[in-house]
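Inside the fold
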Amino acid sequence: MTHVENELNSQPECWIRAAEQAGRHRGALPAAGERVAVIGCGTSYFMAQAAAALREGAGQGETDAFAASEFPYGRSYDRVVALTRSGTTTEVLELLGRLRGRTRTTAVTADPHTPVVDAADDLAVLDFADERSVVQTRFATTALTLLRAHLGLHTDAVVADARTALGSPLPRQLVHCTQFTFLGRGWTVGLASEAGLKMREASLSWTEAYPAMEYRHGPISVTTGGTATWMFGTAPGGLAEQVRATGALWIQGELDPLAELVRVQRLAVAVAAARGLDPDRPRHLTRSVILAP
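The present account deals with the structure reproduced in this document.

Calculation criteria
- All residue numbers refer to position in the chain's written sequence, counted from 1.
- Per-residue local features of the predicted model are confined to residues with pLDDT of at least 70, and side-chain atom pairs are confined, for both listing and counting, to 80 or more; whole-chain, interface and lining totals are unaffected and use all residues.
- To get the side-chain values, all heavy atoms of the structure are used, and hydrogens and water are removed first.
- A pair of Phe, Tyr and Trp rings is counted when the ring centres sit within 6.5 Å of each other, with Trp represented by its six-membered ring. The angle between the planes then sorts it: under 30 degrees is stacked, over 60 is edge-to-face, the rest tilted.
- Only DSSP runs of H or I with at least four residues qualify as helices, and only runs of E with at least two residues qualify as strands; both kinds are numbered from the N terminus onward.
- Between buried and exposed lies partly exposed: a residue is buried under 20% and exposed over 50% of the maximum accessible area for its type, with that area taken using a 1.4 Å probe on protein chains only.
- Counted as over-ring charges are cases with an Arg CZ or a Lys NZ within 6 Å of the ring centre that also lie within 35 degrees of the ring normal.
- Nitrogen and oxygen atoms within 3.5 Å of one another constitute a polar contact, given that in protein one can donate a hydrogen and the other can accept it, and given that sequence-neighbouring residues count only through two side-chain atoms.
- The contact definition used throughout considers only heavy atoms, calling two residues in contact when any of these lie within 4.5 Å.
- A helix is expected to reach a length of 1.5 Å times the quantity of its residues less one.
- Nonpolar core, defined: a set of buried Ala, Val, Leu, Ile, Met, Phe, Trp, Tyr and Cys residues in which side-chain atoms within 4.5 Å join the residues together.
- Each reported salt bridge corresponds to a side-chain nitrogen of Lys or Arg within 4 Å of a carboxyl oxygen of Asp or Glu.
- Helix axes are fitted to C-alpha atoms over the stretch in contact, other axes to C-alpha atoms as well, and angles between N-to-C directions run from 0 to 180 degrees.
- Comment on the angle field: the value is read as roughly parallel under 35 degrees, roughly antiparallel over 145, roughly perpendicular from 65 to 115, and oblique elsewhere.
- Two helices that cross are described as forming a left-handed crossing if the nearer one is turned anticlockwise from the farther one by less than a right angle, and a right-handed crossing if clockwise.
- We call Asp, Glu, Lys and Arg charged. Ala, Val, Leu, Ile, Met, Phe, Trp, Tyr, Cys and Pro are nonpolar, and the rest, Gly among them, are polar.
- Two strands qualify as a pair provided DSSP detects at least 2 bridges between them.
- Throughout, right-handed denotes a crossover for which the path from the first strand over the helix to the second runs clockwise when the strands point away from the viewer.

Details of the packing of aromatic side chains
Enumeration according to the criterion identifies eight aromatic pairs in this entry. Ring geometry for Phe66 and Tyr77: centres 6.5 Å apart, planes at 70°, overall edge-to-face. Of this pair, Phe66 sits in strand S2 (residues 63–67) while Tyr77 sits in the loop between S2 and strand S3 (79–84), and the two are eleven residues apart along the sequence. Both residues of the pair, Phe66 and Tyr77, belong to the buried class. Taken together, the ring pairs in this structure connect Phe66, Phe71, Tyr73 and Tyr77 into an aromatic cluster. Over the aromatic face of Tyr77 sits the side chain of Arg35, whose NZ or CZ is 4.7 Å from the ring centroid.

This is how it looks when you write it as structure tokens:
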């Protein structure tokens, strides 16, 4: 097995541990009523989008999400939460440094021995979810599980769905598709974007991701018989029929959306194998982006 496969298969156990630790990290995570920004890079940015939508949707307070490099320093927040697996990403460390003494910051990380420990005011360490792989799987979903549990939105059913996602076969024809489109609504828009990123990183696939209602506004024009269109959550009325009419393969996610993301992780590995690629060595990528001064 590749590192990616080993790590993505461990997600149910990681999610259980994260949910159990949510109470211990309560002081480091946003309190109800705080105005919050969640930031990250790459996969962590998409998890930030999902977390922000979940928190605001739960009535916990205004919550925005930004790529670390695009943070609007002119805005005022009570707390900024940085999601960073490695704790070494240049843009995240620069942002935390600029906010020092101005805004309370929290880092959710996998490694307590990296520069982010000194850069953030508060820390939530998920070292049991650290990864050897370049392609993120379990850290990202475990960090989001921690935040879901903190909001009271995590249940045992999510873990059960993850086990189903790992144990049930993928539709056989998916591996042979030439283009993949992922759709979401609300908090699952971030998950759809992350699904697309996983397929690009691990299998060099042509992928796109959109809010589901936006798919009709142009993107559906490139949908063909070689397309798989995968919906995270409940689809807008009539969309499945429109997609099927193009000849595309429609995949309606039936599991918890985070568990559906696990299915896509498995698909990325399967497509990589079918194309003779090594998902542990994605093209042009490193585990952390560290920019020279």
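Overview of unusual backbone geometry
Located in the positive-phi region is Leu204, a residue other than glycine, with phi close to 55°. Within the fold, Leu204 resides in the loop between helix H8 (188–203) and strand S7 (206–211). The class of Leu204 is partly exposed, set by a relative accessible area of 38%.

Regarding the side chain of Glu194
By the element assignment, Glu194 lies in helix H8. Side chain to side chain, Glu194 and Thr43 meet in a polar contact 2.9 Å long. For Glu194, the residues in contact, after removing those within four places along its chain, are Thr43, Phe46, Met47, Gln136 and Leu261.

Quick notes on the side chain of Thr142
Inspection of the secondary structure puts Thr142 in helix H6 (residues 138–150). Of the residues examined, Thr142 reaches a relative accessible area of 0% and is grouped as buried. The contacts of Thr142, once residues within four sequence positions are left out, are Cys14, Trp15, Ala18, Leu126, Phe128 and Ala129.

Some points on helix H10 (residues 257–274)
Relative to the 26 Å expected for 18 residues at 1.5 Å per residue, H10 spans 26 Å between its end C-alpha atoms, a close match to the ideal helical length. Taking burial as the measure, the 18 residues of H10 include 14 buried ones, the bulk of the element. N-capping of H10 is provided by Asp256, with a side-chain oxygen placed 3.0 Å from the backbone N of Leu258. Positive phi shows up at Gly276, right after H10, with a value of about 70°.

Some thoughts on the nonpolar core
Judged by nonpolar contacts, the single largest core of 60 residues is most densely connected at Val108, Leu144, Phe180, Phe182, Leu191 and Phe232. When residues of this core are assigned to their parent elements, the largest contribution, nine residues, is made by H10. Ignoring sequence-local partners within four residues, the contact set of Val108 consists of Leu29, Val81, Ala82, Leu83, Thr84, Ala124, Leu126, Phe139, Ala143 and Leu146. Counting residues in each nonpolar core, the second largest holds 16 residues, with Ile39, Leu99, Ala107 and Val116 among its members.

Things to note about the pattern of salt bridges
This structure, assessed with the given rule, holds 13 salt bridges. The closest approach of N and O atoms between Arg35 and Glu62, which form a salt bridge, is 2.9 Å. Highlighted residues: Arg35 in the loop between helix H2 (11–21) and strand S1 (36–40) and Glu62 in the loop between helix H3 (43–57) and S2, separated in sequence by 27 residues. Accessibility expressed as a relative area gives 45% for Glu62, which makes it partly exposed. In this structure, Arg75 and Asp64 form a salt bridge, with 3.5 Å as the shortest nitrogen-oxygen distance. Placement of Arg75 in the loop between S2 and S3 and of Asp64 in strand S2 is noted, with a sequence separation of eleven residues between them. Linked by salt bridges that have partners in common, Glu34, Arg79, Arg104 and Asp122 make up one network.

A short note on the packing of H3 against H8
Look at H3 against H8: their axes get within 7 Å of each other, and the N-to-C directions meet at 160°. The angle between H3 and H8 places the two elements in the roughly antiparallel class. Crossing hand, H3 versus H8: left-handed. On the side of H3, the interface is formed by Thr43, Phe46, Met47, Gln49 and Ala50, while H8 contributes Gly190, Leu191, Ser193, Glu194, Leu197 and Lys198. Partitioning the contact of H3 with H8 into residue classes produces five nonpolar, four polar and two charged.

Some thoughts on the pairing of strand S6 (residues 179–184)
In terms of residue burial, S6 counts as a mostly covered element, since six of its six residues are buried. What you see with S6 is no split at all: Gln179, Thr181 and Leu183 on one side and Phe180, Phe182 and Gly184 on the other are buried throughout. Where S6 lies against S7, six bridges are found, and the strand directions are parallel. Residue pairing across strands places Phe180 opposite Thr207, the latter belonging to S7. Running through H8, the crossover from S6 to the neighbouring parallel element S7 is right-handed.

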